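# Descriptive structure summary
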Amino acid sequence: MIGGTGWKGDMARIYVADDDPDITKIVKYALTDHGHDVTAFTDGAAARTAAMATPPDLLILDVMMPELDGFQVLDMLRNSRARASIRILVLTARASEIDWSRAYKLGADGFMTKPFDPDELAATVAELLAMSEAELKERKERERDKAHLLSQFERILGDY
């Protein structure tokens, strides 16, 4: 589904890793309504195992989960063969710039905070899936730089 020139608009296989059943229901509803095949996992370990066995087109990761948290999953997937074909969106209640920066450093392709608008989530998913590898790389570098600067600013403010 995702190739060297980006997603072609077919139904995407999406995994959602979040231990909050209300969040997974909202995500599933928003994305299946746009024609995607969505499978939910309640912990990071199950999501990682599934992603390694049958890589999805996109993985949506919460940060705070049992077994493995989203950052641990990102770190474990970072150097795997499966990672090359998976777009990863971090969807979390942790909204600090330090968390944002950490997610991008560990290889996230996108970052959204909770609460979220289901239509905005669907638009972000479509955008991530549609990007070519070159566009995605450029976007990640830009977001990583921005996250790094904002996290430094957050630390400076924390000292006062």
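### So, the pairing of strand 4 (residues 37-41)
The pairing of strand 3 (residues 13-17) with strand 4 spans five bridges and is classified as parallel. Bridging from a neighbouring strand, I14 pairs with V38 of strand 4. The handedness of the strand 3 to strand 4 crossover, carried by helix 1 (residues 21-32), is right-handed.

### Some details on helix 2 (residues 44-53)
Those residues of helix 2 that sit buried are G44, A47, A50 and A51. Here the buried residues of helix 2 occupy an arc of 130° about the axis, which is enough to place them on one side. Structurally, helix 2 contributes buried residues whose contacts are with strand 3, strand 4, strand 5 (58-61) and helix 3 (70-78). The opening residue of helix 2, the one whose side-chain oxygen lies 3.0 Å from the backbone nitrogen of A45, is D43.

### A short note on helix 3
Taken together, the buried positions of helix 3 are occupied by G70, F71, V73, L74 and L77. Each buried residue of helix 3 sits inside an arc of 160° when the element is viewed along its axis, so together they form one side. Where helix 3 is buried, its residues touch helix 2, strand 5, strand 6 (87-92) and helix 4 (97-105). Regarding helix 3, its N-cap is D69, as a side-chain oxygen of that residue lies 2.9 Å from the backbone nitrogen of F71 further along.

### Focus: the nonpolar core
Counting 26 residues, the largest nonpolar core has L59, L61, L74, I88, V90 and A103 as its most contacted members. Taken together, the elements giving at least two residues each to this core come down to strand 3, helix 2, strand 5, helix 3, strand 6 and helix 4. Sort the elements by how many residues they give to this core and helix 3 lands first, with four residues. Sequence-distant contacts of L61, defined by excluding residues within four places in its chain, comprise A17, G70, V73, L74, I88, L89, V90 and L91. Judged by nonpolar contacts, the second largest core, of 20 residues, contains V16, V27, V125 and M131.

How each quantity is defined
- Residues numbered from 1 in each chain as written.
- Predicted model: local features only at pLDDT ≥ 70, side-chain atom pairs only at ≥ 80, totals over all residues.
- Heavy atoms only, no water.
- Pairing = 2+ DSSP bridges.
- Helix = DSSP H or I, 4+ residues; strand = E, 2+ residues; numbered from the N terminus.
- Right-handed = clockwise from strand over helix to strand, strands pointing away.
- Buried < 20%, exposed > 50% of the residue type's maximum accessible area, 1.4 Å probe, protein only.
- Arc of directions from axis to C-beta.
- Contact = heavy atoms within 4.5 Å.
- Polar contact = N/O pair within 3.5 Å; in protein donor to acceptor, adjacent residues only side chain to side chain.
- Core = buried A, V, L, I, M, F, W, Y, C linked by side-chain atoms within 4.5 Å.

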